[in-house]
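Take a look at the letters that make up each chain.
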Amino acid sequence: MRHRLRAQSASAGGGNQAAVSCPFSSTFRAAARPGVWVRAAGWCALIAACLPAHAQFDRWYQLSEQAVQLKNQGKEAEALPLEQQAAQVAQSTWGPDDAHVGLSLNLEGMLEMDLEKFSDAETHLQRALEIFTRAEGATSRNTAGVLNNLGVLYGNLANYPEAEKALAQALAIEEKLLGENDPAIATDSNNLALIDMKEDKYAEAEALYKKAIAIDQRLGRSDLSIDLGGLGTLYEQMARYADAELAFNQALTLDLKALGPNHPQIGIDLYHLAQAYQFEGKFADAEQTYGKAMVIEQKTGAQDPATISSIESDMGDLFRAEGKYPAAESMLLQALKSRVQALGPNHPDVASDLSGLGLLYEYEFRYSDAERAFQQALSIDMKSLGQQNLQTAKAMVDLANLYGTHGESGASEQLFYNAIQIFLKSPGQVEKRVASVVFQG
C-alpha cells in the first residue's frame, strides 16, 4: 500500500481554542499500490499564542516535529523514541486523558505500524481513540482520524471486518462534518475501497475509488495518481486487464508530469503497468516495462528496499510463464536473496518468493527441490502469520497439490482439509470459491 501522511488542524487543549494548519505538515510516498493514506489525526500543534507559554509545551512540540520529520525521511526507528518522549511530556504536563496525549499516541501508533510493531500500534491507537472520544466526542475529526489509522492497521493485519468497520465510521463522520468534496473524504474513500477489494466487494470498491477520483479531479490534487493506482489494482483482481492497463497508464502520466522521469515512484508505476501487461499476456511489453522499472529503481534508490526484489520476483514469474526456466530460476533466486537481506529470513514475503521457486521447480519436474521450497514457505508463514492466515492456507494448497500429483494422498488430503477450514472462515468470496474447487479436487 502506498501511504500518505496528512495532518489536520486540531484543538488539542479542548474548549474554544482556535486551531491552525500543522506547520510541519508534509507527505511521503511508500513503495506499493493500491494507496492507503495514513493520517496523523490532528497531532499538529496549536500556535503558541493559543496555549499557555511554557517550556513543556515547547518541548512536546519540538519532539513531535522532529519525529514527523524523521518519519517523512523514512527513519521511523529514529522517530519512535522521540514521539515516546513527547507522549511522556504530554502526560506529565496535562494528564493521561488530555488531547495532547492522544495526539502523541496516535503518531506513536503510526510509527509502530510502519515498523510492523502491530500489537503496540493497536494499543496506542485504541488509547488515542478513547482519549478523543471522551474529550471531543465520538464524531470529532480527531476521532475520525484515529479510526482511519486503526482501519489501516487492521487491514495490515488482514482483519478486514474490523478494518471495514473502523474506516466506514471514519468516512461517515467526515462526510457529516465536511460534506462530500473535502480531501479527507477522498482519503477515507480510498482506504475503505482497499478493504472492500480485499473482501472481494468489487462493486463497492469501484464506487469508492471513483468517488475519490472525482473529488481529487475537482480539487486538482496530486493524490489522483494514488486513486488511479488503486482502481487499476481492483480491475486486475476483477480480470478487467485492459481497464487496469488504462488506469495504471493514467497514474504513470500524472506522476511523470509531477515528479519527472527519474523519481522512484515512476519505477513503481512502471512495475504495476508491467504486471497489467503480464496479466494480459503481453509478455514482450511486460518484460520491457519491468526492465525500465528496474533501471529507475536501481538508479534512484528504491524508497522501500523490497521494491527491487518485488520486481525481480515478478520478472521471474514472467520468465516461468514464457518457459524461460533458467532465467526464471536466476531471477527468483536473486529476488529471494534481496528479500532476505531487506526483511530477514522469516518474513511472509520471503515465503512468497519460496512459493514462486517451488512452482518453478514443479514445472521443471524437480520434485525434491519443489517440496523443499514449499515446505520452507509454509513453515515461515505459520511462524510469521499464524495457522489461520490466508497466505498460510495457500502455502498448504501448494504443497498439497505437489503431494497429490506424486501419489502421497494422505499428506495431500490433510493439507487440503486444513486449508479449506481457513478459506471458509475468510471474509472474501474468492477464497470460498477456491475452497470449493479444492474440495471437489
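These lines cover the structure that appears in this document, whether it is placed above or below. Since the model is a prediction, treat every value here as computed from it, not as a measurement.

Counted under the stated rule, the structure contains 22 salt bridges. Two residues, Glu164 and Lys201, come together in a salt bridge whose shortest N-O distance is 3.0 Å. Remark: Lys201 occurs in the loop between α7 (183-198) and α8 (202-219) and Glu164 occurs in helix α6 (residues 160-178); sequence separation between them is 37 residues. Lys201 sits in the partly exposed class, given a relative accessible area of 28%. Its salt-bridge partner being Arg366, residue Glu329 comes within 3.2 Å of it at the nearest N-O pair. Here Arg366 lies in the loop between α15 (348-363) and α16 (367-384) and Glu329 lies in helix α14 (residues 325-343), a separation of 37 residues in the sequence. On the accessibility criterion, Glu329 (19% relative accessible area) is buried. In the salt-bridge network here, residues are joined through shared partners; they are Glu329, Glu364, Arg366, Asp369 and Arg372.

Moving on: the packing of aromatic side chains. Applying the stated rule across the entire model yields five aromatic pairs. Plain terms: the ring middles of Phe57 and Tyr61 are 6.0 Å apart, the flat faces sit at 40° to each other, and that makes the pair tilted. Taken together, the residues Phe57 and Tyr61, both in helix α1 (residues 55-72) and four residues apart, mark about one turn of the helix. In this structure, Phe57 and Tyr61 share a single accessibility class: buried.

Looking now at the packing of α1 against helix α3 (residues 99-114). Between two packed helices, both the angle of their axes relative to each other and the distance between the axes serve to describe the pair. At a closest axis distance of 12 Å, the pairing of α1 and α3 adopts a crossing angle of 20°. Taken together, the axes of α1 and α3 lie roughly parallel to each other. Note on packing geometry: the crossing formed by α1 with α3 is left-handed. Contact residues: Trp60, Ser64, Ala67 and Lys71 in α1; His100, Leu103, Ser104, Leu107, Met110, Leu111 and Asp114 in α3. Classifying every residue of the contact of α1 with α3 gives six nonpolar, three polar and two charged.

About the cut-offs
Residues numbered from 1 in each chain as written. Predicted model: local features only at pLDDT ≥ 70, side-chain atom pairs only at ≥ 80, totals over all residues. Heavy atoms only, no water. Salt bridge = Lys/Arg side-chain N within 4 Å of Asp/Glu carboxyl O. Helix = DSSP H or I, 4+ residues; strand = E, 2+ residues; numbered from the N terminus. Buried < 20%, exposed > 50% of the residue type's maximum accessible area, 1.4 Å probe, protein only. Phe/Tyr/Trp six-rings, centres within 6.5 Å; stacked < 30°, edge-to-face > 60°. Axes fitted to C-alpha atoms, helices over the stretch in contact; angles between N-to-C directions. Parallel < 35°, antiparallel > 145°, perpendicular 65-115°, else oblique. Left-handed = near helix turned anticlockwise from the far one by under 90°. Contact = heavy atoms within 4.5 Å. Nonpolar A, V, L, I, M, F, W, Y, C, P; charged D, E, K, R; others polar.

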